[in-house]
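# Remarks on the overall topology
So the chains spell out like this:
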Amino acid sequence: MDNILLRNAIRLALIPSSVLIAFGATSALAQTEPAASDEEPTTEMEVVTVTGSRLKRANVEGALPVTVIERADIESSGDISVSDFLRNTTFNSFGSFRPRSGSSAQAFSELSLRGLGGNRTLVLIDGRRAPVSPSTGTGQDLNAIPLAAVERFEILSDGASAIYGSDAIGGVVNIITRKDFSGVEVSLGASNPKLEGGETEEGQILFGASGDRGSMIAGASYNNRGIVYQRDRPYSSGGASTFSNNYLNPNGSFFNAPSGPTAGTSAVPGGCSLFGFTISGNRCLYDFTAVAADEAELHQSAVFTRGTYQINDDWSTYMNASVSRVTSFGRYAPGLATVAVGANTPNNPFNVDLTVRHRFAALGTRDDSVESNAYDLSFGFLGRIGNVDVEAGVRRNEFQTYTFGRNYPVIPLANAAIADGSYSILHNAPNDQGVLDSIKATINRDSFTLNEEVFGLASMELFEMAGGSAAISVGTEFRKEDYADVYDSLSAAGVIGGSAGASAAGGRDVKAGFFEVLLPALDNFEISLAGRYDQYSDYGSDFSPKIGLRFQPMESLTLRASYGHGFAAPSIPQLVAAPRSGADFVTDTQTCLAFGLTADCRDPVSGNVSIPQVTAWTIANPNLSSETSKQFSLGLAWDATDWLNLTVDYWNIEIQDLIAPITTNTIIACLAGQDVACPPGLSNLPQTGTTGRPVEEVVPNPQLGLGLARDPVTGLILYVQNGSANQGVLQTDGIDLNVRTQWDFADWGALRNQLQIGQVRSVTNDDSRNFVGDERTPEYRANLQTVYTLGDFEFTWNLSYIHGTDSANALRDVPLPGVELTLPSWTTHDLQLAWHSPWDGRIALGVQNVANRGPVLDSLDPTGRGFDFGLYDGYGRVPYLRYTQTF
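The rules behind each value
Residue indices follow the written sequence of each chain, beginning from 1 at its first position. Note on the predicted model: pLDDT of at least 70 is required for a residue's local features to be given, and 80 or more for side-chain atom pairs to be given and counted; whole-chain, interface and lining totals, by contrast, use all residues. Side-chain measures here rest on the full set of heavy atoms in the structure, leaving out hydrogens and waters. In this analysis, strands are considered paired if DSSP registers two or more bridges between them. Each helix is a run of H or I in the DSSP string that is no shorter than four residues. Each strand is a run of E no shorter than two, and both are numbered from the N terminus. Nitrogen and oxygen atoms within 3.5 Å of one another constitute a polar contact, given that in protein one can donate a hydrogen and the other can accept it, and given that sequence-neighbouring residues count only through two side-chain atoms. A fitted line through C-alpha atoms serves as each axis, taken over the contacting stretch for helices, and the angle formed by two N-to-C directions is quoted from 0 to 180°. Between rings of Phe, Tyr and Trp, where Trp is taken as its six-membered ring, a pair exists when centres lie within 6.5 Å; planes separated by under 30 degrees are stacked, by over 60 edge-to-face, and by other angles tilted. The rule is short: NZ of Lys or CZ of Arg within 6 Å of the ring centre and within 35 degrees of the ring normal puts a charge over the ring. For the purposes of this analysis, a disulfide is any pair of cysteine sulfur atoms at a distance within 2.5 Å. Note on exposure labels: buried denotes an accessible area under 20% of the residue type's maximum, exposed denotes more than 50%, and partly exposed covers the range between, all computed with a 1.4 Å probe on protein chains only. Residue contacts are defined here by distance: any two heavy atoms, one from each residue, within 4.5 Å place the two residues in contact. What counts as a salt bridge is simple: a side-chain nitrogen of Lys or Arg found within 4 Å of a carboxyl oxygen of Asp or Glu.

In spatial order, the strands read E3-E6-E7-E4-E5; together these five strands make up an open sheet with mixed pairing. Of all strands in the sheet, those bounded by a partner on one side alone are strand E3 (66-70) and strand E5 (128-129). Where E3 lies against strand E6 (residues 150-156), five bridges are found, and the strand directions are antiparallel. Across the sheet, the residue bridging to Val68 is Glu154, located in E6.

Shown next as structure tokens:
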């Protein structure tokens, strides 16, 4: 019913846009040319609102570092989505999450400014918050924003909680949508990578009309990217998993068959010749890369519209509406589990108790399909009351995601079928389809976020100062946030092989008041002050002040500095998610002794290490508070000559009260008084279980917080409640350099260059060593764009550079023979040749990654993909063709 009402609301909202088109066109036809004037025209600087400020001012270099990326630069990149383009900017320091097969956020793409994570990066659309992803419960999904609707990107590489509130610690990306367009524009394009998979196709149509009193723009777009299978890449093909069909001893060591056709191996007799299983040495191995995908297939489509109408000289109204749809398909290897096979069961010919590390290949691959739909509607008024400029509006956005997973084993049912022999692991004969159907399930997940917002803003000049008029802006916002993430009952219970999840649902109200003051103390010196108070109904409140200084000692040189506080509110699922059960390995003396092991967790007979498992519940933490930050920046902007200008900015961020996961072993160490970093609030929990009582009967109580319970007699850990808590301090700093040049060669064309270099100088946690240069944390990223224009032709060369890092070596400073521990840098070159035809067409032929450079490989990569999936891509050389026609 809510979806039906929302669709009807959007249809009703589109009616005024149609009226605006007709009215605007009629008004334009009815107008006559204005009378000629003998007065000389005067030139005035454009007055605009820039990202990071609510005040309108002359379009000059301000006190905050804002990088503007125009649509021409976007078109020259060859990228087809907002996600692809922003992921390749230097501000995305350490890479960011993008669609990957087998992930619970398979269709999601985020941006991570300064490497601080998507939850500390704020994405805006025309100055208002983009919808929160329901797949993650935090951060904005770039895939829900159509690239066809984008006019430019404005990236504020400084904290901005004083202006925008939560999440703006790492910076802000403001996506400005297209507004000033008249006519019709149609575009089609496609690419075909050299390597199999990852091919793209795209299309868009844009309409625009305007008159003296109204304007309207509307469009529709789509873009698709094909799935990338692991078998189609040399660096990801060929996997060897012992989760195939191997017997294990009860202590977890591999069993060696004493007799039979598999004597001397752990391979199940007759069960290592199915589905690509092979015996190698004394193990049965499965090549999961033969069927699994690395990157998920993605289909994006959207319709969008924006209308404005000038009611009178003082008042205007506007409306924005968009609907976007993202579907995705991912494929993962068949499900797996470790299953007990007793001595007298049909699937055990050796008459000793064993377990089997089994791959349910007969059930088929785990196939996940995701469908996401985002609806965004806003309506507002701009006007003037006396000397005060005002804006007021309402906004509603809803983001709904459905996930379906097929061919997942239900472990208790599979255990029973293996125990009674109805499901055989021993021979080549296929299992009965009815039995297979009885032990597998189609799982699902239903997630959504809903934000409803009312906002108001008033700005005015205050008084004259030596440098001009002082100005103030004050405003208020009220936002209602609702969230739900509901897993099917089997996944929530943790009985599905290869899938689990804790359902969560909740909502909160956010009230905010803010101000900003501009004080031009001198002709060349100004001070800006800002502050914002946010009150959340679930965890509390935050106040974020900021001061900015701008000094212009000469016309061509601007010096700037800022200092401010920021915050990132805990996400709703972190506060309200349902408990999720698990079994954690612990190295706890009392628990080991209670299990009949030695104090150092060894089997008293064999001497082998045998780590026990205890029941652990991962819970939400209703006592979480926000992360807070202190940050400052120093910079300069220098227009050195007509052909050269540059900006240099130093930034420094300190984040306190980090929201971090607290593990079971950390809780054990903290309550034992060991010298480790401990969050507040850990406690010894009530002994809801006793010796001999099944751990399955333990019921978690999130209101008790994090901690553990022990048996009062033996000291055995009965259960643990772990989760997130506020703990620790993170510090990071770096430098951004932007150099732009342009030359006009008259009849020989024009040349422009832009070099952007981002350096992260340090990242430390609780005064630890500097992490920069470790795996996934390159010190430098750089982009160089060169555009040469001659007549109707335009040639673009884009160079992208990512500095080398160490490999993912967990044992640092310990040499590993034959393993490369220092990874090289990654440089790619993109070329594009575009021709502007006499019939208002544009043909662009380009190649991304001309040299067919593969990603930087790491033999120690812990993800199984072989490279950092968020930092590099594995598309190789990608030729593409795009045609755009304007009418």
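So, about the pairing of strand E37 (residues 750-765). Taken together, the 15 bridges between strand E36 (residues 729-744) and E37 define a ladder with antiparallel strand orientation. Its bridge partner lying in E37, Thr732 is registered against Val763. Between E36 and E37, which follow one another and run antiparallel, lie five residues, and Ala746 among them has a positive phi close to 55°. Where E37 and strand E38 (residues 780-790) come together, ten bridges link them in antiparallel fashion. Within E38, the position partnered with Ile757 by the bridge is Ala782.

All right, on to the environment of Asp420 then. Secondary-structure assignment places Asp420 in helix H5 (residues 411-420). Sequence separation between Asp420 and Arg87 is 333 residues; the distance between their C-alpha atoms is 52 Å. A distance of 2.7 Å separates polar atoms of two side chains, one belonging to Asp420 and the other to Ser422.

Attention shifts here to the sheet that holds strand E18 (residues 336-341). Sheet architecture is open: three strands sit in the order E12-E19-E18, paired in antiparallel fashion. Among the strands making up the open sheet, the edge pair consists of strand E12 (245-248) and E18. For this sheet, the mean angle separating the axes of adjacent strands, direction not counted, is 25°.

On to the packing of aromatic side chains. Evaluation of the coordinates by the stated rule reveals 18 aromatic pairs. Taking the centre distance of 5.3 Å and the plane angle of 90° together, the rings of Phe379 and Phe381 count as edge-to-face. Grouping aromatic residues by their ring pairs yields a cluster made of Tyr235, Phe867 and Phe869. Over the aromatic face of Phe455 sits the side chain of Arg128, whose NZ or CZ is 3.8 Å from the ring centroid. The side chain of Arg178 reaches across the aromatic face of Phe181, ending 5.6 Å from its centre.

It is worth spelling out the state of the cysteines at this point. What the rule picks out here adds up to three disulfides. Here Cys272 engages in a disulfide with Cys284; their sulfurs sit 2.1 Å apart. Looking down the S-S bond of the Cys272 and Cys284 bridge, the torsion is 105°, so its handedness is right-handed. Linking Cys272 in the loop between E12 and strand E13 (278-280) with Cys284 in strand E14 (residues 283-285), this pair joins segments that are twelve residues apart in sequence. As far as burial versus exposure is concerned, Cys272 and Cys284 are alike and both buried. Listing the disulfide partners of the chain by sequence rank of the bonded cysteines yields 1-2, 3-4, 5-6.

We now examine the pairing of strand E39 (residues 793-802). Here E39 shows a buried face lined by Glu794, Thr796, Asn798, Ser800 and Ile802 and an unburied face lined by Phe793, Phe795, Trp797, Leu799 and Tyr801. Examined bridge by bridge, E38 and E39 share ten bridges and lie antiparallel to one another. Residue Asn783 lies in a different strand from E39, and its bridge partner there is Ser800. Counting the residues that bridge the hairpin from E38 to E39 gives two residues, and of these Gly791 lies at a positive phi of roughly 60°.

Looking now at helix H10 (residues 664-671). Listing the buried residues of H10 in full gives Thr664, Ile667, Ile668, Ala669 and Cys670. Where H10 is buried, its residues contact strand E28 (580-585), strand E29 (613-619), strand E32 (659-662), strand E34 (707-710) and strand E35 (717-726). Positive backbone phi, at 80°, marks Gly673, one or two positions downstream of H10.

Applying the stated criterion across every chain, the model contains 38 salt bridges. Here Arg602 ties to Asp600 by a salt bridge, and the two come within 3.4 Å at their closest N and O atoms. Relative accessible area serves as the criterion here: at 35%, Arg602 is assigned to the partly exposed category. Connected via shared salt-bridge partners are Arg54, Arg128, Glu453, Glu477, Arg532 and Asp534.

Function-wise, these values are silent; they only describe arrangement.
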